[in-house]
Amino acid sequence: MENFTPYSALIGGCLIGLSAALLLFFNGRVAGISGIIVDSFSAEIENRYWRAFFLIGLMFSAAIVNTFFPVVPVTYSRNILLVIVSGILVGYGTRLGNGCTSGHAVCGLARFSLRSAVATITFMSTAILTSYIMRHILEY
Amino acid sequence: MTKNIVALICGILFGLGLTISQMSNPDKVLAFLDIAGNWDLSLMLVMFSALTTLSVAQYFILKRQKPVCDSQFYLPKKGNIIEVRLILGAVFFGVGWGLVGYCPGSALAALSDGKREPFIFTIALGIGMMLFSRFHNKK
């Protein structure tokens, strides 16, 4: 547990919750990232703009933090084929299941949605199982 | 226009949240998922704190008839129907997430590192989403 970072986790989570609350308060929209990505390409034109702005803001602020206040250097040494397979699974799965971490595990659970609770428990347990198999059985 | 500015600010806050909490760091995510190893439960706190903030705020927000800049709240329908599709989608997502440690938001945030890996992940993510549209919209 030496990598435990409770304060930055709590502050960061609070900002994510605040972002989702403001988006709901002003625009009446849910901050589900996978949905925002898809609809920024496929919604009616006038409904694409706010989504594009949201995504630009997300990438921009992350760029600022990562450039000027890099917290921890990330190791980028994963197998590229694995990264591709993972990306396709995440893209396809979030569409099929109507949401990702933000949409189901944050916004959905905050509304006490049964569907989101089922989805969250399912993807959490499969993710834990997958990482267990990768790390402790295949020893990747 | 106001809606776009609001969305921009929300995106900025979301990106800050992801990076400060290190949710955008796949190493950190994998350490969280690895409950049998050197478990780092920080990301549980991220979720807990995001959930608490949002559900308290939402309690007051949804007492309003409508949001400030729009005529209605666009909330997903609150059904209690659990289809195979929902579970299967969550399984695919969970396997993908557990393999490498990126979810859609964290990949976008990590893009700014300028490294190859999040970039390739994001392209693959887009391909996965397009494959879905191709298979499901034609039926």
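Residues numbered from 1 in each chain as written. Chains lettered and ligands numbered in written order. Predicted model: local features only at pLDDT ≥ 70, side-chain atom pairs only at ≥ 80, totals over all residues.

Caption draft 1: The arrangement of unusual backbone geometry in detail. Phi is positive for N98 of chain A, which is not a glycine, with a value near 60 degrees. Located in the positive-phi region is Q22 of chain B, a residue other than glycine, with phi close to 65 degrees. Among the structural elements, Q22 of chain B can be located in the loop between helix 1 (2-20) and helix 2 (26-33). (Helix = DSSP H or I, 4+ residues; strand = E, 2+ residues; numbered from the N terminus.)

Caption draft 2: Summary view of the interface of chain A and chain B. With 100 residues of chain A in contact, the opposing surface of chain B contributes 102 residues. For the side of chain A that touches chain B, the elements supplying multiple residues, two or more each, are helix 1 (6-27), helix 2 (33-42), helix 3 (49-68), helix 4 (80-96), helix 5 (101-110) and helix 6 (114-137) of chain A. Counted by class, the side of chain A that touches chain B contains 64 nonpolar, 30 polar and six charged residues. (Contact = placed C-beta atoms within 7 Å. Nonpolar A, V, L, I, M, F, W, Y, C, P; charged D, E, K, R; others polar.)

Caption draft 3: Summary view of the packing of helix 4 of chain A against helix 4 (residues 84-100) of chain B. At their nearest, the axes of helix 4 of chain A and helix 4 of chain B sit 7 Å apart, and the two run at 155 degrees to each other. By the criterion of interaxial angle, the relationship of helix 4 of chain A to helix 4 of chain B is roughly antiparallel. Like other packed secondary-structure pairs, helix 4 of chain A and helix 4 of chain B cross with a definite hand, here left-handed. Packed against helix 4 of chain A, whose contacting residues are L82, V83, V85, S86, L89, V90, Y92, G93, T94 and L96 of chain A, the element helix 4 of chain B presents R85, L88, G89, A90, F92, F93, V95, G96, W97, L99 and V100 of chain B at the interface. (Axes fitted to C-alpha atoms, helices over the stretch in contact; angles between N-to-C directions. Parallel < 35°, antiparallel > 145°, perpendicular 65-115°, else oblique. Left-handed = near helix turned anticlockwise from the far one by under 90°.)

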